[in-house]
Amino acid sequence: MTDLPSSLLARPARMTLLTLSVLLGFAGAQQTAPPTATPPAASGAAAPAASLTPLLESLRGAPDWRAADLNYRAAQLTLDSARTRAGLSVTAGVDGSLTRVPWDSGTFTGATTLTVNASLNVLPWAPALEGARSAARSLAGAAVDLRNTRARLTVQALQAYEGVRGASGALELSRAQLDLARAQLSAAQSQRSDGVLSAEGLLAQQAAFENAQAAQTRAERTQAQALRSLNRLLGAPVTLPAQAGAFAPLPTVTVNGTLPELLDRALSRRPEVARAQAALADAQAGLSAAQLDARFPDVTASVRAGQLSDATGNSGRVFSGTLNVKQGTLGAQVSVPLKDTSAIPGGVALSLSASLPVFGNTRGTALTQAQLGVTQAQLALDSARQSVELDVRAALDALQNEQDALNAARTTAEQARTALDSARARLNAGLGTALNVRQAELTSLQADQALQSQLNAVTLATLTLAQATTDLDPLLLTSGGTP
């Protein structure tokens, strides 16, 4: 048999040493892996939430949530004020006088009169009554806006929560990638020492390790920023689990109905449409008032009964009433002098006055402006409806897209787990290396996290659709009841 060169005889020994160095490097990488860090949190943070209920309940103290509550309360107070102005108004006063007639020879005579005035809006076109109806429409719109704001903030909080979870998962992946890059670099250094790896190959592995370090630093900053965004939304710091797998699952909602049914619900309850409808009703009321002002003169009927006047022009007990047709108000007044007025004869006086502008009349212009206002309000309502319809359709399409991508994510995760099992089997059979298993583990972790992210994406898309159709009631996601 021909003798083999010594270089060929030494090659199996070098391969054995290389395999041993890779295994030792992998073991060392496992021992020197950095510990999992807890996401940074401000001092005084709450305890980690075992579920999403504490987080959603704390959202009720957020500035935007409280501002929406105050806006609704302001609308309630405005309606109460408008109803008070539209109701019965009564005022009382005292009038005192001191007269001397004639100036050179007369004596001072004092008189005191108690007067009670009352007014009431009796005709339906009275401005005060229309003001109350407008305030009621504003309150209804504020209620719709309050519900929508709460739903929007809830979805934003859940999106921010999912952002922190995703950032935590990315940080875990970056740490695993860094561990793998460290092990690969150690193996490359051993190969370089044995002369089986070029200097360029070692530098490439060194660059990969440094990129993995930079990726971990970026992931840490991203996680910190995601947590800050959630804290800003809640208005208070919160501590979340360190591991992505320890996060609470997102709440699930169900949106039922066909597309026409979803659109009908959204068009009847979305705040944009409610505000546009209220604006149209206000514009129509303004048009009615302008038409009334342009077509009818200012007519006032009045009656005075009682002790109207004595010889010197002084009156006694007098009751008077007025009705202004254009303003729709009925007024009454009772005057009672605090002295003896039995000598003043009684009587009654009726009057009717009407005024109609002749020159400088701007009522026609005001009527034209009111008509334009109605047209503009109708166009704004049409635009709001189109915007809502587009929003619902976009949310529904986004949900269907996320659902379509879910099956592929499941298949990818199953494929990664199968590849991991194969890598472990090859290692046990002596046909693979520990680095192959480590790479398969990293790939499987990536696929599992991608699957979880896709599941959460479907849930968030459903929540967004429920918000778009106004089917999302944020108060039902917790057990705390109405705040």
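Residues numbered from 1 in each chain as written. Predicted model: local features only at pLDDT ≥ 70, side-chain atom pairs only at ≥ 80, totals over all residues. Heavy atoms only, no water.

Labelled according to an unreviewed UniProt entry, the protein chain appears under the name TolC family protein, originating from Deinococcus knuensis. Recorded under Sequence similarities (unreviewed entry), the UniProt text for the protein chain is reproduced unchanged: "Belongs to the outer membrane factor (OMF) (TC 1.B.17) family." Quoted verbatim from the Subcellular location (unreviewed entry) field of UniProt, the annotation for the protein chain is "Cell outer membrane". (UniProt positions renumbered as here; feature names shortened; annotations may be inferred.)

Q: Looking at this structure, how should I read the nonpolar core?
A: Nonpolar side chains in soluble globular proteins tend to be buried together. In terms of nonpolar packing, the biggest core is built from 62 residues, with Leu-55, Tyr-161, Leu-230, Leu-240 and Val-392 touching the most fellow members. For this core, the elements supplying multiple residues, two or more each, are helix H2 (53-58), helix H4 (127-194), helix H5 (199-234), helix H6 (259-269), helix H7 (271-295), helix H8 (363-428) and helix H9 (434-468). In terms of residue count, H8 provides more of this core than any other element does, 15 residues in total. (Core = buried A, V, L, I, M, F, W, Y, C linked by side-chain atoms within 4.5 Å. Buried < 20%, exposed > 50% of the residue type's maximum accessible area, 1.4 Å probe, protein only. Helix = DSSP H or I, 4+ residues; strand = E, 2+ residues; numbered from the N terminus.)

Q: Help me understand the packing of H7 against H8, please; the structure alone is not making it clear to me.
A: Each pair of packed helices can be summarised by the angle the axes make with each other and by the distance between the axes. It is at 8 Å that the axes of H7 and H8 come closest, and there the two elements cross at 165°. Classified by the angle between their axes, H7 and H8 sit roughly antiparallel to one another. Considering the relative orientation of H7 and H8, their crossing is left-handed. Taken together, the residues that form the contact of H7 with H8 break down as 17 nonpolar, 7 polar and 4 charged. (Axes fitted to C-alpha atoms, helices over the stretch in contact; angles between N-to-C directions. Parallel < 35°, antiparallel > 145°, perpendicular 65-115°, else oblique. Left-handed = near helix turned anticlockwise from the far one by under 90°. Nonpolar A, V, L, I, M, F, W, Y, C, P; charged D, E, K, R; others polar.)

Q: Sorry, what's going on with the UniProt feature "coiled-coil region" (unreviewed entry) in the protein chain here?
A: Per the UniProt entry, the sites bearing "coiled-coil region" (unreviewed entry) are residues 396-426 in this numbering. In this annotation, residues 396-426 is assigned 100% helix and 0% strand; the end-to-end C-alpha distance for the span is 46 Å.

Q: I keep staring at the pattern of salt bridges and nothing clicks. Help me out?
A: Pairing between side chains of opposite charge can happen when the charged atoms of each approach one another. The final tally for this structure, using the stated rule, is 17 salt bridges. The closest approach of N and O atoms between Arg-269 and Asp-471, which form a salt bridge, is 3.1 Å. Within this pair, whereas Arg-269 is found in helix H6, its partner Asp-471 is found in the segment after H9, the two being separated by 202 residues in sequence. Arg-417 is the salt-bridge partner of Asp-448, the closest N and O atoms lying 2.9 Å from each other. Remark: Arg-417 occurs in helix H8 and Asp-448 occurs in helix H9; sequence separation between them is 31 residues. Classification of Arg-417 as partly exposed rests on a relative accessible area of 33%. By sharing partners, the salt bridges in this structure join Glu-130, Arg-133, Arg-137 and Asp-282 into a single network. (Salt bridge = Lys/Arg side-chain N within 4 Å of Asp/Glu carboxyl O.)

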